[in-house]
Amino acid sequence: MATSSSPTRRTDPLTLEVVELIGTVVARYHEEYEEAAAGHSLTGAQARVLGLLSIEPMPMRRIAQKLKCEPSNITGIVDRLEARGLVERRPDPADRRVKLAAPTEEGVRVARSLRESLNFAREPLAELSREQRVVLRGLLRRMLGSAP
């Protein structure tokens, strides 16, 4: 049962400001990511898939889960990245029936270049001390329901 203070807690000026700031950070990050992707003649979605794969090869279904989209969308994105020589499909050593999408050497190079060109996410965090970044990480994890 909601208490009478619940609505005001959600709409108090501080909460509204925090929500606005989070939205602004997300919008600026996406804008910079799209610009960086375009600099490599990629869409934002292609760049995100390539970035994920540069961390570790994975099956299409897992990529879709991480990016919260349909596996059929990922198949098309991987097809286009493969046509550009940035990604290849290979059998999963743990289960040869499963195909992994993995970056090629060129794909790794492009993913690294993309990461290095993203200043917005990196620069403001550099202004925070290690302790402040740890606190921010904990707060973000808590907001996402994944706090340890």
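This is a predicted model, so every value here is computed, not measured.

Asks: Please explain the packing of helix α3 (residues 44–55) against helix α4 (residues 60–67) as it appears in this structure.
Replies: In a pair of packed helices, the angle between the axes and the distance between the axes together describe the arrangement. Remark: α3 packs on α4, axes separated minimally by 11 Å, with the N-to-C direction vectors making an angle of 115°. Here the hand of the crossing between α3 and α4 comes out right-handed. Along the contact surface, α3 presents R48, V49, L52 and L53, while α4 presents I63, K66 and L67. Among the residues forming the contact of α3 with α4, the class breakdown is 5 nonpolar, no polar and 2 charged.

Asks: How should I be thinking about unusual backbone geometry in this particular structure?
Replies: Peptide bonds are mostly trans, and most non-glycine residues show a negative phi. For S41, which is not glycine, the phi torsion reads 55° and is therefore positive. The topology assignment puts S41 in the loop between α2 (13–38) and α3. The phi dihedral of K68 falls on the positive side, at around 55°, and the residue is not glycine. Taking relative accessible area as the criterion, K68 reaches 74% and is therefore assigned exposed.

Asks: What is the right way to read the side chain of D92 from this model?
Replies: Take D92: it is sitting in strand β1 (residues 87–92). R62 is the oppositely charged side chain nearest to the buried, salt-bridge-free D92, at an N-O distance of 7.1 Å.

Asks: Teacher, can you tell me more about the layout of surface pockets here?
Replies: Its volume calculated, the largest pocket comes out at about 1000 Å³. When residues of the lining of the largest pocket are traced back to their parent elements, those giving at least two are α2, α7 (119–126) and α8 (130–143). At 7 residues, α2 tops the list of elements feeding residues into the lining of the largest pocket. Of the residues belonging to the lining of the largest pocket, the class tally is 16 nonpolar, 1 polar and 1 charged. One number sums up the size of the second largest pocket: a volume of about 380 Å³. What lines the second largest pocket is a set of 14 residues, among which Y29, Y33, R48, G51 and L52 lie closest to the centre. For the lining of the second largest pocket, the secondary-structure elements that each account for two or more residues are α2, α3, α4 and α6 (105–117). A per-element tally of the lining of the second largest pocket places α3 first, with 5 residues. Its residues assigned to classes, the lining of the second largest pocket shows 9 nonpolar, 2 polar and 3 charged.

Scoring rules and cut-offs
Residues numbered from 1 in each chain as written. Predicted model: local features only at pLDDT ≥ 70, side-chain atom pairs only at ≥ 80, totals over all residues. Heavy atoms only, no water. Axes fitted to C-alpha atoms, helices over the stretch in contact; angles between N-to-C directions. Helix = DSSP H or I, 4+ residues; strand = E, 2+ residues; numbered from the N terminus. Left-handed = near helix turned anticlockwise from the far one by under 90°. Contact = heavy atoms within 4.5 Å. Nonpolar A, V, L, I, M, F, W, Y, C, P; charged D, E, K, R; others polar. Buried < 20%, exposed > 50% of the residue type's maximum accessible area, 1.4 Å probe, protein only. Lys, Arg positive; Asp, Glu negative; His and termini not counted. Salt bridge = Lys/Arg side-chain N within 4 Å of Asp/Glu carboxyl O. 1 Å grid on protein atoms, 1.4 Å probe; cavity = no way out; pocket = protein on both sides within 12 Å on 5 of 7 lines; lining within 4 Å. Points joined across faces, edges and corners; volume = space filled by probe spheres on them.

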